[in-house]
Amino acid sequence: MSYAQPGANQVGGGGLQAEELLAAAAAVSQSATNAALAASLQQQQQQQQGNGVAQQFFDQQGMQQQQYIPQQQQQQVVGAASLQPQQQANAVPAGPSMSHIPCTRCGHPNCDLKVIGCSCLLHVRCAPVPLRGCPNPQCFNSCHAASGGQASGMMQSTPLELLAMDFGEMDEARRAAELGAKAGWKKGRARKKAKMNDGQGGVVAAADDASVEGATIQTPELRTGRWTNEETAYCDKLISKFMTGRLPLPEGAKLNEFLSQMLKSKQSRLTKKMKNAKLSTKTFKRTTGFLADAMEARDFSESEDCFLQSISNPLERSELKFHIQKQWRETFSTYCVSHGQQLNVDAWLASVEEMDRRVHRAKDHERQARRKIMMGQAIRQDMLNPDSGVVITQRPASSGNLSSGNSVGSHRSQQTEGSGYHDGTGSGGGGSDVPGGSSSPFLHRIMAFMHRNNVPFEYVDAWVPSFVATEENGSGNPDASPGVDGQGSKCRLCFAGCMVARQVVTNPGPGGLAPRRAQPMSKDEQYMLAAFGDYSESFSFDVGCGLPGRVYHMGLPTWEQSVHNAPLHHFERVGGSQQWGIRTVVGIPVASPNVGRIVVVLYSRHDRPKDHDLVIRITDEFTRLLPSPKWKL
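Given the structure is predicted, the values throughout are model-derived calculations rather than measurements.

Glancing now at the overall build of the chain. In terms of helices and strands, the chain carries 16 helices and 17 strands. Here the chain holds 633 residues, and the buried ones make up 45% of them. In the chain, once contacts between residues fewer than 6 apart in sequence are set aside, the share between residues at least 24 apart is 70%. Split by element, the accessible area of the chain, about 32300 Å² in all, is 51% carbon and sulfur.

What follows is the structure, given as structure tokens:
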């Protein structure tokens, strides 16, 4: 038998054991905790019920909506004064796409706006501006709940967020189109290679491969062609809503400009379709500024969807859909500023920056593809030249630059074995948007002289002598042909660099009364001339052959006009002159202190009348520059 010590496990005289008391206290504590947890859970359920009204609303319509958590962080809001971009938004924000979520009012997807606070989505044409609460009557953030009994004039506008553009559908359609096009090119490329002449295989095959691989799927900038019934119906809807003032457009907008932007159509196409409509005379006058009736909004969205679905080409359909959404959102952002609507544009501006980057990449890709095709066609034509003194080779990778003083750059060609000519000019415009950046001081000084004195030429390149081994005259007879030394080496004029001007000089007026005027040259023109320089790099000329070889051999300048119509034996690069629009060429022999003579050639895309005084002047000026070519082993 065990006895408890007095006072150890007993409290007072009631006889309650300490263990029983502790158990009772724990039970009371657990009951209080459960009650607190139940109250907290009930409060959370009530809050989720308020935030999930929009979800329940969509579920009642039989549509599934992905749950998005409202942003809890601070958001920059655009007021009536200006649109403030997020400073750190350098890329499109990551996250799931909202394009499949239907609009609160019309029930169609591809919404443009999100109501901050309840995350309900709207099209810009379905949102009243300024917005006084969510248009969804079942939402806790609805107009009635947001008013709280205040007068509508005293309420602040409910902030909106302009959604970012969704690139997913367009990217997927473009990938599918490119895969289909490449699959169709395989047979055509195989047939081209099968027809290749053995003597033309090297350069021509490479040019064809570059042309095929560089080609891209391109869609026209503006839509042309016949009107479909769906497009006509959608156009009628736009005109009707425009004339009644029920669209989020600025006051005074012209109907013809609005339709051309929305339909991505040429003005002439609209005029031809609606001859008597006088679209240019009709301007927008705002009434409601949005589609107030839900059935009207639903009917408008259905018409827009039918129009898009009527386009059979998936790529064209996705691009037009993207374009229409972009137009609606751009117009709405300006509309909100003029009507005092708070608008968060962080995500929208980030997607706009992404759009600009994509446009620039597409233009660069298109220019590169067009450049490869033009170069392939030009070389194919020039390969027909029977003159063996004109050598056309594939251009290898750059061997580097070495430039000091007035040295004339690095020759890059595979025809020189053992002793490669190094010139230092680089190809100054061969593959860059800013031509001439890597040219030598010699060519830079030539271009500076041309700019100062309005010399009417837009492009210049240099050709320097280089001795290469030859098998035809291995006997060492120096009289066998011009430019062959006693060691069996042949002198060949090789490309030594180029540079593109920044201006175009006009021709003088009749009788020389009007002076020459310089105008800035566009980037596209500079790029075209730089491509001609890249093409010229594939050429080299024996002494007496081709324009550089003839000028070097005779030591006399030459002025040739209309070279794009010249026969191949007269101007050896006639294919390139036709592709890149070269019209006038002037070859200038320039004395050199260490190689005797080099050749500088000036080119223009315009017909330039002969000017003997100008030739004498630029010859003297170029000779003062003392070009000094250098070689490397």
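Along the chain, Gln 267 falls in helix H8 (residues 267–273). For Gln 267, a relative accessible area of 33% translates into the label partly exposed. A C-alpha to C-alpha distance of 9.5 Å links Gln 267 and Leu 222, two positions 45 residues apart in sequence. Each residue touching Gln 267, except ones within four places of it in the same chain, is listed here: Asn 256, Glu 257 and Ser 260.

Contact geometry of helix H11 (residues 346–382) with helix H13 (residues 523–536) gives a least axis separation of 11 Å together with a crossing angle of 40°. For the element pair H11 / H13, the angle class is oblique. The two elements H11 and H13 meet at a crossing, and its hand is right-handed. For the pair H11 and H13, the contacting residues are Arg 367, Gln 368, Arg 371, Met 374, Met 375, Ala 378, Ile 379 and Asp 382 in the first and Lys 523, Asp 524, Tyr 527, Met 528, Ala 530, Ala 531, Asp 534 and Tyr 535 in the second. Residue classes in the contact of H11 with H13 are distributed as nine nonpolar, one polar and six charged.

Okay, the pairing of strand S16 (residues 596–604) next. Where burial is concerned, most of S16 is hidden: seven out of the nine residues are buried. Pairing between strand S15 (residues 584–592) and S16: nine bridges, direction antiparallel. Each residue of the ladder has a partner; that of Thr 584, found in S16, is Ser 604.

If you walk through the whole model with that rule in mind, you get 27 salt bridges. The shortest N-O distance in the salt bridge between Arg 516 and Asp 611 comes to 3.4 Å. Taken as a pair, Arg 516 in the loop between strand S11 (503–505) and strand S12 (518–520) and Asp 611 in the loop between S16 and helix H16 (612–624) lie far apart in primary sequence, 95 residues in all. Among the ionic pairs, Arg 550 bridges to Glu 560, the shortest N-O distance being 3.2 Å. Of the two residues, Arg 550 sits in helix H14 (residues 546–554) while Glu 560 sits in strand S14 (residues 558–561), which places them ten residues apart along the sequence. Look at the salt bridges and you will find they share partners, linking Asp 171, Glu 354, Arg 357, Arg 358 and Arg 361 into a network.

Our focus in this paragraph is the packing of aromatic side chains. For the structure shown, the criterion picks out 20 aromatic pairs. A ring pair is formed by Tyr 459 and Tyr 603, whose centres lie 5.1 Å apart and whose planes are at 55°; its orientation type is tilted. Note that Tyr 459 is positioned in strand S9 (residues 459–469) and Tyr 603 in strand S16, a separation of 144 residues in sequence. Pair check on accessibility: Tyr 459 and Tyr 603 agree, each one buried. Taken together through their ring pairs, the aromatic side chains of Tyr 459, Trp 463, Phe 495, Phe 532, Tyr 535, Phe 539, Phe 541, Trp 580 and Tyr 603 make up a single cluster. The positively charged end of Arg 269 is found above the aromatic ring belonging to Trp 227, 4.5 Å away from the centroid. Sitting over the face of the ring of Tyr 527, Arg 371 holds its NZ or CZ atom 5.3 Å from the ring centroid.

Position of Glu 572 relative to the elements: it lies in the loop between S14 and helix H15 (574–580). When its relative accessible area of 2% is taken as the criterion, Glu 572 is described as buried. A polar side-chain atom of Glu 572 sits 3.4 Å from a polar atom in the side chain of Arg 573. Excluding residues within four positions of it along the chain, Glu 572 makes contact with Asp 382, Asn 385, Val 390, Phe 539, Phe 541, Gly 546, Leu 547 and Pro 548.

Within soluble globular proteins, side chains that are nonpolar tend to cluster in buried spots. Core analysis: the largest hydrophobic core is formed by 65 residues, its most contacted members being Ile 446, Trp 463, Trp 580, Val 600, Leu 602 and Phe 622. For this core, the leading source of residues is strand S10 (residues 489–500), giving seven residues. Formed by 59 residues, the second largest nonpolar core is a distinct cluster that contains Leu 113, Cys 134, Phe 307 and Phe 322.

This prediction gives the chain a mean pLDDT of 74; 64% of its residues lie at or above 70. Confidence drops under pLDDT 50 across residues 396–438; counting only partners more than four residues distant or on other chains, this segment forms 142 contacts. In the model, residues 472–481 has pLDDT below 50 throughout and makes ten contacts with residues more than four positions away in sequence or in other chains.

Its location among the elements puts Ser 592 in strand S15. Here the side chain of Ser 592 touches Pro 627 through a polar contact of 2.7 Å, landing on its backbone oxygen. Apart from residues lying up to four places away in sequence, Ser 592 is in contact with Arg 597, Ile 598, Pro 627, Ser 628 and Pro 629.

Glancing now at the sheet that holds strand S6 (residues 343–344). Spatial strand order, S4-S3-S5-S6: four strands in an open sheet with mixed pairing. The two strands at the open ends of the sheet, each matched to only one other strand, are strand S4 (121–122) and S6. Where strand S5 (residues 160–162) and S6 come together, two bridges link them in parallel fashion. Considered in S6, the bridge of Glu 161 is made with Asn 344. Helix H10 (residues 314–338) rests against strand S3 (113–115), S5 and S6 of the sheet, and its axis sits at about 145° to S5.

For the structure shown, the criterion picks out zero disulfides. This cysteine, Cys 111, is not joined by any disulfide, and Cys 103 carries the nearest cysteine sulfur, 4.7 Å off. Residue Cys 139 stays outside any disulfide, its sulfur separated by 3.6 Å from that of Cys 118, the closest cysteine. Here Cys 139 falls in the buried class, since its relative accessible area comes to 4%.

What follows deals with H14. Considered for burial, the residues of H14 that qualify are Gly 546, Leu 547, Pro 548, Gly 549, Val 551 and Tyr 552. Following H14 by one or two positions, Gly 555 adopts a phi angle in the positive range, close to 75°.

To continue, consider unusual backbone geometry. Cis geometry marks the peptide bond from Val 129 to Pro 130, where omega comes out at 0°. Along the chain, Pro 130 turns up in the loop between S4 and helix H3 (143–147). Positive phi is not limited to glycine here, since Lys 264 has a value of about 55°. In this fold, Lys 264 is placed in the loop between helix H7 (255–263) and H8. With relative accessibility at 18%, the residue Lys 264 sits in the buried group. A positive phi angle, close to 50°, is found at Ser 562, a residue other than glycine. Tracing the sequence through the fold places Ser 562 in the loop between S14 and H15. What makes Ser 562 partly exposed here is its relative accessible area of 31%.

Rules and cut-offs
- For every chain, the first residue of the written sequence is number 1, and numbering continues from 1 along that sequence.
- Local features in a predicted model are, by the rule used here, given only for residues with pLDDT of at least 70; side-chain atom pairs are given and counted only at 80 or more, and totals for whole chains, interfaces and linings are based on all residues.
- The side-chain figures draw on all heavy atoms in the structure; neither hydrogens nor water molecules are used.
- The way it works is that DSSP assigns letters per residue, a run of H or I at least four long becomes a helix, a run of E at least two long becomes a strand, and they are numbered from the N terminus.
- Note on exposure labels: buried denotes an accessible area under 20% of the residue type's maximum, exposed denotes more than 50%, and partly exposed covers the range between, all computed with a 1.4 Å probe on protein chains only.
- Any pair of residues with heavy atoms lying within 4.5 Å of one another is described as a contacting pair.
- Only the protein chains shown count as covering a residue, and every accessible area follows the Shrake-Rupley method with a 1.4 Å probe.
- Convention adopted: a line fitted to C-alpha atoms gives each axis, helices being fitted over their contacting stretch, and angles between N-to-C directions are expressed from 0 to 180 degrees.
- What sets the label is the angle itself: under 35 degrees gives roughly parallel, over 145 gives roughly antiparallel, 65 to 115 gives roughly perpendicular, and the rest give oblique.
- Two helices crossing with the near one rotated counterclockwise from the far one by less than a right angle form a left-handed crossing, whereas a clockwise rotation gives a right-handed crossing.
- Lys, Arg, Asp and Glu make up the charged group, whereas Ala, Val, Leu, Ile, Met, Phe, Trp, Tyr, Cys and Pro make up the nonpolar group; the residues left over, Gly among them, are polar.
- Being paired, for any two strands, means DSSP has found at least two bridges between them.
- Salt bridge, as applied in this entry: a Lys or Arg side-chain nitrogen positioned within 4 Å of an Asp or Glu carboxyl oxygen.
- When the centres of two rings from Phe, Tyr and Trp lie within 6.5 Å, Trp using its six-membered ring, the rings pair. Their planes under 30 degrees apart give stacked, over 60 give edge-to-face, and anything left gives tilted.
- By definition, being over a ring means that NZ of Lys or CZ of Arg is both within 6 Å of the ring centre and within 35 degrees of the ring normal.
- Polar contact is the term for a pair of N or O atoms within 3.5 Å; when the atoms are in protein, one must be able to donate a hydrogen and the other to accept it, and sequence-neighboring residues count only if both atoms are side-chain atoms.
- We define the nonpolar core as a collection of buried residues of types Ala, Val, Leu, Ile, Met, Phe, Trp, Tyr and Cys that are connected through side-chain atoms lying within 4.5 Å of one another.
- By definition, pLDDT measures how confident the predictor is in each residue, and it falls between 0 and 100.
- Whenever a pair of cysteine sulfur atoms sits within 2.5 Å, that pair is classed as a disulfide.

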